[in-house]
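# Coordinates in review
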Amino acid sequence: MAKPVKAPRGYNMKLRQEQSRETRRRIADAARTLYLAHGYQAVTIADIAERAGVAYQTVYATFGNKLRLTQEIVWTTFEVAGVNEVIAEGSSSRDPEHWLRALARASRLVSDRLAVLLRFLEESGDPELLAEYHKVQARRREQESDLASKLAASGRLR
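Structural notes, computed from the coordinates. Please read these numbers as outputs of a predicted model, since none were measured by experiment.

Turning next to the overall build of the protein chain. Looking only at helices and strands, one finds seven helices and zero strands in the protein chain. If you line up the protein chain on its principal axes, its C-alpha atoms span 95 × 40 × 20 Å. For the protein chain, the proportion of its 158 residues judged to be buried stands at 33%. Partitioning the intrachain contacts of the protein chain with sequence separation of at least 6 by distance along the chain shows that 60% fall at a separation of at least 24. In the structure as shown, the protein chain presents an accessible area of about 10,600 Å², 52% of it carried by carbon and sulfur atoms.

This next bit is on the pattern of salt bridges. What the rule picks out here adds up to seven salt bridges. A salt bridge links R25 to E22, with the nearest nitrogen and oxygen atoms 2.4 Å apart. Here R25 pairs with E22, and both are found in helix 1 (residues 13-38), just three residues apart, close to one helical turn. For R25, a relative accessible area of 40% gives the class partly exposed. The class of E22 is partly exposed, set by a relative accessible area of 33%. D29 is the salt-bridge partner of R25, the closest N and O atoms lying 2.5 Å from each other. Taken together, the residues span about one helical turn, with R25 and D29 both in helix 1 at a distance of four residues. What you see here is one network of salt bridges that share partners, running through E22, R25, D29 and R32.

With that settled, the discussion passes to the nonpolar core. In terms of nonpolar packing, the biggest core is built from 39 residues, with I27, Y35, I48, V59, L69 and V83 touching the most fellow members. Among the secondary structure elements, those contributing two or more residues to this core are helix 1, helix 2 (45-52), helix 3 (56-63), helix 4 (66-80), helix 5 (83-91), helix 6 (96-123) and helix 7 (127-154).

Basis of the calculations
- Every chain's residues receive numbers from 1 upward, in the order its sequence appears when written.
- The predicted nature of this model means local features are confined to residues of pLDDT at least 70 and side-chain atom pairs, given and counted, to a pLDDT of 80 or more, with totals for whole chains, interfaces and linings taken over all residues.
- To get the side-chain values, all heavy atoms of the structure are used, and hydrogens and water are removed first.
- Strands here mean DSSP runs of E at least two residues long; helices mean DSSP runs of H or I at least four residues long; both are numbered from the N terminus.
- Throughout this description, buried means an accessible area under 20% of the type-specific maximum (1.4 Å probe, protein chains only), exposed means over 50%, and partly exposed covers the range between.
- The contact criterion used is simple: two residues touch if any of their non-hydrogen atoms lie within 4.5 Å.
- Accessible surface area values rest on a Shrake-Rupley calculation with a 1.4 Å probe, where residue burial reflects the displayed protein chains alone.
- In the sections that follow, a salt bridge refers to a side-chain nitrogen of Lys or Arg positioned within 4 Å of a carboxyl oxygen of Asp or Glu.
- What makes a nonpolar core is a set of buried Ala, Val, Leu, Ile, Met, Phe, Trp, Tyr and Cys residues whose side-chain atoms join them at distances within 4.5 Å.

Dropping the structure here:
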């Protein structure tokens, strides 16, 4: 007697996307930890893969190369730490004092959660990582300049 044929299991796109995000997060966390402990140059993709519990091919397939992985770590850390949200909230206000308070909160978040990572970029000795550091600093200066303009327009500056 023939065994009954089971219907093929349906593909769960939502579950696959969740697994992909979790893998991406594990790889980024592993890279961040290793970079801070050993430096950018000393860490290999194989080291990152081993710490993240994935094949090194998965790291390449997910990020492409070490520089892109590092860029992702920097810019997603701003999102995870809530910096972008605080800045958006502050800049949506017409009140310069509200913007100033939001910028101060964002600066505190950066200091508390990102200072080590930013120092790593600045001191890495790698020109591409230093360029990322300069992008972060340029963004900060742009936000501060916007604040100064709002304060000047409000008449609160002497």
